[in-house]
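A look at the structure
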Amino acid sequence: MHVPVQRLITLAAILLTVGLCIPVAAQCPVDLVGQPYLLDTGLLSRSISFENPTGAPGEGGKAASNLGAGRKGSPARTVKPGEKVTLCDIEGPGTIRHIWMTTRPIPSNLRSLVIRVWWDDQEHPSIECPVADFFGIAHGIVKPYASAVHSVGEKAGMNIWLPMPFVKRARFEFVNEGEKAMPLYYQIDYTLQDKHPEDVGRLHVLFHRENPTTEKKDLELLPKREAKGRFIGSVIGIRNLHDQWWGEGEVKVYMDGDQEFPTICGTGSEDYVGLSWGIQQTPFPYNGCSLNENNYVSMYRWHLPDPIAWQKECRITIQQIAYKGGLVETEDDWSCSTFWYEPVPSAPLPAFPEVKARTADLPGE
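Right, let's walk through the structure included here. All values reported here derive from a predicted model rather than from experimental measurement.

What counts, and where the lines are drawn
Every chain's residues receive numbers from 1 upward, in the order its sequence appears when written. Since the coordinates come from a predicted model, pLDDT governs what is reported: local features require at least 70, and pairs of side-chain atoms require 80 or more to be given and counted, while whole-chain, interface and lining totals use all residues. Side-chain numbers come from the whole structure's heavy atoms, not from hydrogens or water. Counting from the N terminus, the helices are DSSP H or I runs at least four residues long and the strands are E runs at least two residues long. Every residue pair with non-hydrogen atoms within 4.5 Å of one another is taken to be in contact. When DSSP finds at least two bridges between two strands, those strands are taken to pair. Only buried Ala, Val, Leu, Ile, Met, Phe, Trp, Tyr and Cys residues count toward a nonpolar core, and they belong to the same one when joined by side-chain atoms within 4.5 Å. Relative accessible area decides the class of each residue, using a 1.4 Å probe on protein chains only: under 20% of the type maximum gives buried, over 50% gives exposed, and in between gives partly exposed. Only Phe, Tyr and Trp rings take part, Trp by its six-membered ring, and two of them pair if their centres are within 6.5 Å. Stacked means planes under 30 degrees apart, edge-to-face means over 60, and tilted covers everything else. Lysine NZ or arginine CZ positioned within 6 Å of the ring centre and within 35 degrees of the ring normal marks a charge as sitting over the ring.

On to the environment of Trp100, then. Structurally, the position occupied by Trp100 is in strand β6 (residues 94–102). A C-alpha to C-alpha distance of 9.1 Å links Trp100 and Trp161, two positions 61 residues apart in sequence. With near-sequence residues (within four places) excluded, Trp100 lies in contact with Gly157, Met158, Asn159, Tyr185, Tyr186 and Gln187.

Right, let's get into the sheet that holds strand β19 (residues 264–265). Spatially, the four strands line up as an open sheet ordered β16-β23-β18-β19, and their pairing is antiparallel. Both edges of this open sheet fall to β16 (219–225) and β19, since each of them pairs with a single strand only. The sheet contact formed by strand β18 (residues 251–255) and β19 spans two bridges and is antiparallel. By the bridge assignment for β19, Val253 is matched with Ile264.

Judged by nonpolar contacts, the single largest core of 53 residues is most densely connected at Ile96, Met101, Trp119, Phe134, Phe172 and Phe339. Beyond its immediate stretch of four places on either side in the chain, Phe134 contacts Ile99, Ile115, Ile127, Cys129, His150, Ile160, Met164, Val205 and Phe339. One finds Leu206, Leu222, Val253 and Leu275 within the second-largest nonpolar core, a separate group that totals 27 residues.

Burial analysis of strand β20 (residues 287–293) places five of its seven residues in the buried class, the great majority of the element. As paired elements, β20 and strand β21 (residues 296–302) share six bridges and run antiparallel to each other. What sits directly across from Cys289, in β21, is Met299. Count of turn residues in the β20/β21 antiparallel hairpin: two residues, of which Asn294 carries a positive phi of about 55°.

Glancing now at unusual backbone geometry. Cis peptide bonds are those with omega within 30 degrees of zero, and the linkage from Asn211 to Pro212 qualifies with 5°. Tracing the chain through its elements places Pro212 in the loop between β15 (202–210) and β16. Residue Val344 is joined to Pro345 through a cis peptide bond whose omega torsion reads 5°. Turning to its location among the elements, Pro345 is positioned in the loop between β26 (333–342) and α5 (355–359). Here Lys72, not a glycine, exhibits a phi torsion of approximately 60°, which is positive. Within the element layout of this structure, Lys72 appears in the loop between β3 (68–69) and β4 (77–79). With a relative accessible area of 62%, Lys72 lands in the exposed category. Positioned with a positive phi, Asn295 is a non-glycine residue whose angle comes to about 70°. Take Asn295: it is sitting in the loop between β20 and β21.

Here we take up the pairing of strand β13 (residues 169–176). Across the eight residues that make up β13, a large majority, six, are buried. Of the pairings in the sheet, the one linking strand β5 (residues 84–91) to β13 comprises seven bridges and is antiparallel in character. Residue pairing across strands places Lys84 opposite Val175, the latter belonging to β13. Pairing geometry for strand β7 (residues 113–119) and β13, over seven bridges, is antiparallel. Across the sheet, residue Val114 finds its bridge partner in β13, namely Val175.

Right, let's talk about the packing of aromatic side chains for a bit. All chains considered together, the criterion is met by 11 aromatic pairs. Consider the rings of Phe50 and Tyr186, whose centres lie 4.9 Å apart with planes at 90°: the pair is edge-to-face. Of this pair, Phe50 sits in the loop between β1 (44–48) and β2 (64–65) while Tyr186 is found in strand β14 (residues 182–192), placing the two residues 136 residues apart along the sequence. Here Phe50 matches Tyr186 in class, with each residue buried. Ring centres of Trp246 and Trp334 lie 5.8 Å apart, and the angle between their planes is 80°; on these two criteria the pair is classed as edge-to-face. Remark: Trp334 occurs in strand β26 and Trp246 occurs in the loop between β17 (229–239) and β18; sequence separation between them is 88 residues. Owing to a relative accessible area of 5%, Trp246 belongs among the buried residues under this scheme. Each residue in the set Phe134, Phe135, Tyr145, Tyr300, Trp302 and Phe339 is aromatic and connected to the rest through ring pairs, giving one cluster. In this structure, Arg171 packs its charged tip against the face of Trp118, placed 4.0 Å from the ring centre. In this structure, Arg315 packs its charged tip against the face of Tyr254, placed 5.7 Å from the ring centre.

Note on placement: Gly92 falls in the loop between β5 and β6. Taking the C-alpha atoms as reference points, Gly92 and Gln193, separated by 101 residues in sequence, lie 7.1 Å from one another. Beyond its immediate chain neighbours, meaning those up to four positions away, Gly92 contacts Phe166, Val167, Lys168 and Arg169.

Put into structure tokens, the structure is as follows:
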């Protein structure tokens, strides 16, 4: 049967749009999810944990327990206050595919523990975030939920699924900035021999908190970045400090030359995360709210099927506007963990908040 060329092109475009990327002469990356039956991918599967801290072939599970060698000898370790632990130091090219982690599900603990990540020998980290917020949990309050980026169990079994490509090197560091020793369990799953261009987007994550915000000064979800990139989304935490509806503020995306007014403008805070008429504790794959209790809110939005990409520069903000008999400017406690991709070398992240600022006014243990 003869199929017109234009129809084939249209079909290929549809497949690319929904993520079913067909490898042709190594021009297209392997779609590991959409085509699980492909066996000759050219990728090497590896995993790092305390049972195999280098991820080297045949080196896992050598530690001994009371049951003997290889019988759950090193599943975790206790991290003392002020201690730094190298989670991985991997030579590329490769891609981090999944990270699982757990520790004590205490709000102050989850905000005191920090993850920092360096890509390809850059001097400053591209990821600097409290463990809770990196894994999709605002305020350190654990609620079970799943999205396209995170899945969280009710006892703080925390997962992140965003792919994290690197060309030369990936180094992850875990730091206990709290006052108590804490257990750490983790596993980093990754592939090697991925075919990445030098300017492939590396995952960047920042944490920002204003407690409280400043009236008429919009919270920056993404400070101005002066390189090409793609905004993936944010986990946004709000602690309402007033007896009023807090969520009338609009998200604004200033990109590629925008000055006073943005190219993309939303209609309200709960509208931005795909909800309406107030906030409801309803998590969905790309949008929703995982926590809405006692004036604490954790909500998120992932721009995966609806990309926000720029070529030169971008800055993203959200207003703090309330409703009480009409629109009013307000000040509340806002935080965000923001995820985006850009090449390296990249500009340093904004100053990271001290542990006291991160953990102030969290719920009790």
